[in-house]
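Listed here are the chains, written in short residue letters.
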Amino acid sequence: MPAPAPLVPPTVDVPHLHDAVLGWFAVHARDLPWRSPDCSPWGVLVSEIMLQQTPVVRVLPRWREWLERWPTPADLAVAPTADVLTAWDRLGYPRRALRLQEAARAVVERHDGRVPADPAALRALPGIGEYTAAAVASFAFGIPETVVDTNVRRVIARAVAGEALPGRSLTRAEMRRAQALMPEDPVRANAWNAAVMELGALVCTARSPACDRCPLAETCAWVAAGSPPPAEVSRGQAWAGTDRQVRGAVMAAVREHGRVAEAEVPAVVVAGGWLGSHRPEDAQWARCVAGLVSDGLLARDADGGLTFPA
DNA sequence: AATACGGGGGG
DNA sequence: CCCCCAGTATT
């Protein structure tokens, strides 16, 4: 069998990669509040949960409100869940708000109210996966875990592997490659985590990368290959008419009205204009409402009304 | 490995 | 109107 391809091709000058990206970051890093030295580990954790699948610009105002209202895990732990879901507003994937409150309660119970620094302890908290555990450890505590998000995957895919875009899911090989690229020095490693992510967010973007502003343009394997387009066109997530859209519309209605009689859900949601021209069948309404209740995102009261859970 | 899970802003 | 965004949990 053939020898496995090296994690990092010999043509890649890793020290140069580090210097170029860290130098660029020192000049171009955004001034985000969760990057402030004054930001608590809790503030970092909240930001990371909110940033899962949600752009920075949309998170910023919500994050400020949350940190002002619930400045510690203990504060969020005792908040009414209805308040938590209302404050989540339209950030999307509201189960994240539920998991965040559960994580706050777990921090109170298991860690005396302080966000743990240990990656394994972080990973054990509700809603925290491999990425978020590594991000909180690195950004909040200076523990040089390897942080791999969609931005990091894309930058490495292009600059090192010469591919236009990373695959569907993070592979073991990708993870090992990312680990092999980490600077030895812990301080530089933590900066590298943030810097590669920032480069992917601001320059090496998915749709139209700004290679003319990229510190790696001279050495990028993808550019060297002639910037070939992605092999397969990724099919976007279906939206119109899906349960996801209907669930979102029901949540929006309850957020707006506080309570919606279950029998009136279709009328209220349609009147609110949250579905465009789509009109779900009864079976879909029932399925979505039942799912939201089952997920703990909605509660039924004694009079057949739907509210956010207390 | 594939899916479910929100919502919105920019090309 | 399509595509993508600091992912996670489940199957």
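Residues numbered from 1 in each chain as written. Chains lettered and ligands numbered in written order. Predicted model: local features only at pLDDT ≥ 70, side-chain atom pairs only at ≥ 80, totals over all residues. Heavy atoms only, no water.

Chain A is annotated in an unreviewed UniProt entry as Adenine DNA glycosylase from Micrococcus yunnanensis. Of the comments in the UniProt record for chain A, the one headed Sequence similarities (unreviewed entry) reads "Belongs to the Nth/MutY family." In the Catalytic activity (unreviewed entry) part of its UniProt record, chain A is described as follows: "Hydrolyzes free adenine bases from 7,8-dihydro-8-oxoguanine:adenine mismatched double-stranded DNA, leaving an apurinic site." (UniProt positions renumbered as here; feature names shortened; annotations may be inferred.)

For the rest of this paragraph, the subject is the UniProt feature "domain: HhH-GPD" (unreviewed entry) in chain A. Per the UniProt record, "domain: HhH-GPD" (unreviewed entry) is found at residues 50–202. With 64% helix and 0% strand, residues 50–202 has its two end C-alpha atoms placed 19 Å apart. (Helix = DSSP H or I, 4+ residues; strand = E, 2+ residues; numbered from the N terminus.)

What follows is about the protein's contact with DNA strand B. Lining the immediate surroundings of DNA strand B are 21 residues, of which R90, P94, R244, R247 and G248 lie closest. In DNA strand B, atoms within 4 Å of the protein come 57% from sugar and phosphate. One of the side-chain N or O atoms of R244 is found 3.1 Å from a base nitrogen in DNA strand B. A distance of 3.4 Å is found between a phosphate oxygen of DNA strand B and a backbone nitrogen or oxygen belonging to G248. At the level of secondary structure, the elements contributing two or more residues to the surface near DNA strand B comprise α6 (95–111) and α13 (243–257). Here the surface near DNA strand B is built from residues that sort into six nonpolar, six polar and nine charged. (Near = heavy atom within 4 Å. Polar contact = N/O pair within 3.5 Å; in protein donor to acceptor, adjacent residues only side chain to side chain. Nonpolar A, V, L, I, M, F, W, Y, C, P; charged D, E, K, R; others polar.)

Axis separation between α13 and helix α15 (residues 282–294) bottoms out at 9 Å; the angle between their running directions is 65°. In terms of their interaxial angle, α13 and α15 are classed as roughly perpendicular. Every pair of crossing elements has a handedness; the one defined by α13 and α15 is right-handed. Here D243, V246, R247, V250 and M251 of α13 lie close against α15, whose contacting residues are Q284, W285, R287, C288, G291 and L292. Among the residues forming the contact of α13 with α15, the class breakdown is six nonpolar, two polar and three charged. (Axes fitted to C-alpha atoms, helices over the stretch in contact; angles between N-to-C directions. Parallel < 35°, antiparallel > 145°, perpendicular 65-115°, else oblique. Left-handed = near helix turned anticlockwise from the far one by under 90°. Contact = heavy atoms within 4.5 Å.)

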